[in-house]
Amino acid sequence: MAGKVVTISSGKGGVGKTTATANLGISLASLGKRVVVIDADIGLRNLDVIMGLENRIVYDLVDIVEGRSKLRQSMIKHKKFEDLFLIPAAQTRDKMAVSPDDMVKLTDELRDDFDYVLIDSPAGIERGFRNALEPADEVVIVTNPEVSAVRDADRITGLIEAADKGPGRLIINRLKPDLVKKGEMLSSDDVYDILGLSIIGIIPEDELVLSASNSGIPVTLNTNSKAGMAFNNVARRLTGEDVPFMNLNGHRSFLQRVISLLEGR
Amino acid sequence: MTSLLNRLFGRAKIGSGATAKNRLRFVLQHDRINLPPERAEEMKKEILAVIVKYLAVDRERVEIDLEQRDRTHSKLVAELPIVNETDKNARPAAEVSAIAESNGAVKTADDEADKVGEDSAAKPAKKEPIPKAAVGEAAEENDNKQRGSSAQKPPV
Ligand SMILES: Nc1ncnc2c1ncn2[C@@H]1O[C@H](COP(=O)(O)OP(=O)(O)OP(=O)(O)O)[C@@H](O)[C@H]1O
Ligand SMILES: [Mg+2]
C-alpha cells in the first residue's frame, strides 16, 4: 500500500508544529512504521535539532529539488530507528526555492518506500504553507487553547478546505488542565465547539518538552512524560486505531470518540 | 461546568476562558464572512435606513444579527418589528423578517410564511374590539407571545 502524506500545519507560529512532527515521527517509527519527516520550513531549519540529528546533515531539501543530490543519499537516518529518516530544510535559501509541484514529485517518490511522510509546515499562509499543503493526503492542525492560535487555525482550516485537503484534524497543544478547571483557559470542548474539527490529540503543557528539545531527544521517548504519552496516542490514532483520550481534565473523550466514529475516522 | 459551580457558589465571576470563547466566536463570525465588525454595523444602519423609508419600525426592538452554525453556514437574521401607524403606542401589527444566507440566497418574509401565518392565526383578537378593562393585560399577553415567537429563530 502506498504511503500517506500527513502535513502538520497551524497558521500561527510557535504553537508546536515542529515538536508534534518530531514526536509523531518517533512514535510512528516505534510502532514499526517506515517514516520520513520533512522540514518544509526553508530558511528556519529546526526539525533537525529537535530530533538530535543536526550534526549529520550534508544535503537538504533544496539540494534534492534542484538535483544536486540524490534523494536516498540526502535522507538522514535516525540514530535509534532504522526506518525513520529526516529531510532537513535548507538554511540559507528562501521558500521560493521550492514549489508545490516539487513537493508533490518528492513525496510521490517517497510514498512507494514509506508508510508515512510527515511534513512540518512553516507558520503563515504563504508559499511555505502551500508547499507543505499541496502533497498532503491529510492535514493535522496544531493549535493552542488561546484566542489568536484558534483564530489562525480557523483561517487555515478554510484554506485547507478550499484546496480540497480537508477537513483537517486538530491537535490541541499546551493545554493546562488546572487552568481549564478554574475556567481560566479554553477547554478542548470549547475549541471543538468553535472550530468543529475532530480532535486527534490533546497534549498537556509539559516541562519535559523543553528538556527534550534541549537534549535533542523527543519527549515521546521519555516514558515519564504526559505530553509524550499524548503524542504516542496521536500516532496510534493516525494509523486508524481507536485510542481513548488520556485522563486530562477539560475534554469530552467519550463524545469525541462517538463523533469520530460517526465521521468514520 | 466548574466555572458554573463557582458562579453558583458566588466564588468567582465568569472566567477568562469563557471570555476567550465569546471573543473567538465574535471574531470568527466576522472573519469567516470577511466582513469586519465596523462594516457590519454600517451595513445594519443602511439596511434600517432603507426599511424606515417604507415602514415605521420599532427601533428599540430591531435586531439584525449574524448567526453561524459552522464555518460555511452563516446567515444574517433580521427582526424588524413594525409599529402600527394609527396607534403608535400599540404593540406592533406585524413583523418583517429577512434572512440572508452566506451562500448568496436571500430569504425574505415569504419563506417565513409559515411562521408569520402561525403568528397571525394565533392573534385573532387583533382585529376584534377588546373589552376596555382587559386591554392592558391582553396587550401584554400578546406582546409576550410575540416576543416568544420572535425569539424562536428558525434552526440555523
Ligand atoms: N506540550 C508542550 N509543553 C511545553 N512546551 C511546549 C509544548 N509544545 C511545544 N512547546 C514549546 O513551544 C515552543 C514552540 O514549539 P515548536 O517549535 O514546536 O513550534 P512551531 O509551531 O514549530 O513554531 P514555528 O512556527 O516557529 O515553526 C518550543 O519552545 C517548545 O519547546
Ligand atoms: Mg517549527
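Within any chain, residue numbers begin from 1 and follow the written order of that chain's sequence. Here every chain gets a letter starting at A, and every ligand a number starting at 1, in the order they are written. Where totals are concerned, whole chains, interfaces and linings use all residues; where local detail is concerned, this predicted model gives features only for residues with pLDDT of at least 70, and gives and counts side-chain atom pairs only at 80 or more. As a convention, hydrogens and water are excluded, and side-chain values are obtained from all of the structure's heavy atoms.

Some details on the overall build of chain A
Then step 1. Only DSSP runs of H or I reaching four residues or more are called helices, and only runs of E reaching two or more are called strands; each is numbered from the N terminus. A tally of helices and strands in chain A yields twelve helices and eight strands.
Then step 2. Each radius of gyration reported is based on C-alpha atoms, and the globular scaling rule is 2.2 Å times the count of residues to the power 0.38. Taken over C-alpha atoms, the radius of gyration comes to 17 Å for chain A, in line with the 18 Å a tight globule of 265 residues would show.
Then step 3. With the C-alpha coordinates of chain A rotated into their principal frame, the extents come out at 55 × 40 × 35 Å.
Then step 4. Across chain A, the fraction of contacts at a sequence separation of at least 24, relative to all contacts at a separation of at least 6, is 75%.
Then step 5. Computed with the Shrake-Rupley method and a 1.4 Å probe, the accessible areas treat only the protein chains shown as cover for residues. When the accessible surface of chain A is summed, it comes to about 11000 Å², and 47% of that surface belongs to carbon and sulfur atoms. Residues are treated as being in contact if the distance between any of their heavy atoms lies within 4.5 Å.

What to know about the site of ligand 1
Residue and element names in this part refer to chain A.
Then step 1. With respect to spatial proximity, 16 residues lie near ligand 1, and among them Gly14, Lys17, Thr18, Thr19 and Asn173 are the closest.
Then step 2. The term polar contact refers here to a pair of N or O atoms within 3.5 Å; inside protein, the definition further demands a hydrogen-donor-capable atom paired with an acceptor-capable atom, and it admits residues adjacent in sequence only when both atoms are side-chain atoms. The separation between an oxygen atom of ligand 1 and a polar main-chain atom of glycine 16 is 2.9 Å.
Then step 3. For ligand 1, an oxygen atom lies 2.8 Å from a polar atom in the side chain of lysine 17.
Then step 4. Here ligand 1, which alone exposes 630 Å², has 78% of that area covered by the protein. Any residue with a non-hydrogen atom lying within 4 Å of a molecule or strand is treated as near it.

Concerning the pairing of strand S6 (residues 138–143) of chain A
Residue and element names in this part refer to chain A.
Then step 1. The rule is simple: take the accessible area with a 1.4 Å probe, protein chains only, and divide by the maximum for that residue type; under 20% is buried, over 50% is exposed, in between is partly exposed. Most of S6 is tucked away: six of the six residues are buried.
Then step 2. Strands pair, by our definition, only if DSSP identifies at least two bridges between them. As paired strands, strand S1 (residues 4–9) and S6 are joined by four bridges and run parallel to one another. Counterpart to threonine 7 in the pairing with S6 is valine 139.
Then step 3. Two strands pair when backbone bridges link them, and S6 and strand S7 (residues 169–175) are joined in this way by four bridges, in the parallel orientation. From the neighbouring strand, valine 140 faces S7, where its bridge partner is arginine 169.
Then step 4. Following the backbone out of S6, through helix H7 (residues 147–162) and into the adjacent parallel S7, one traces a crossover that is right-handed. Handedness rule for crossovers: strands pointing away from the viewer, path from the first strand over the helix to the second running clockwise, crossover right-handed.

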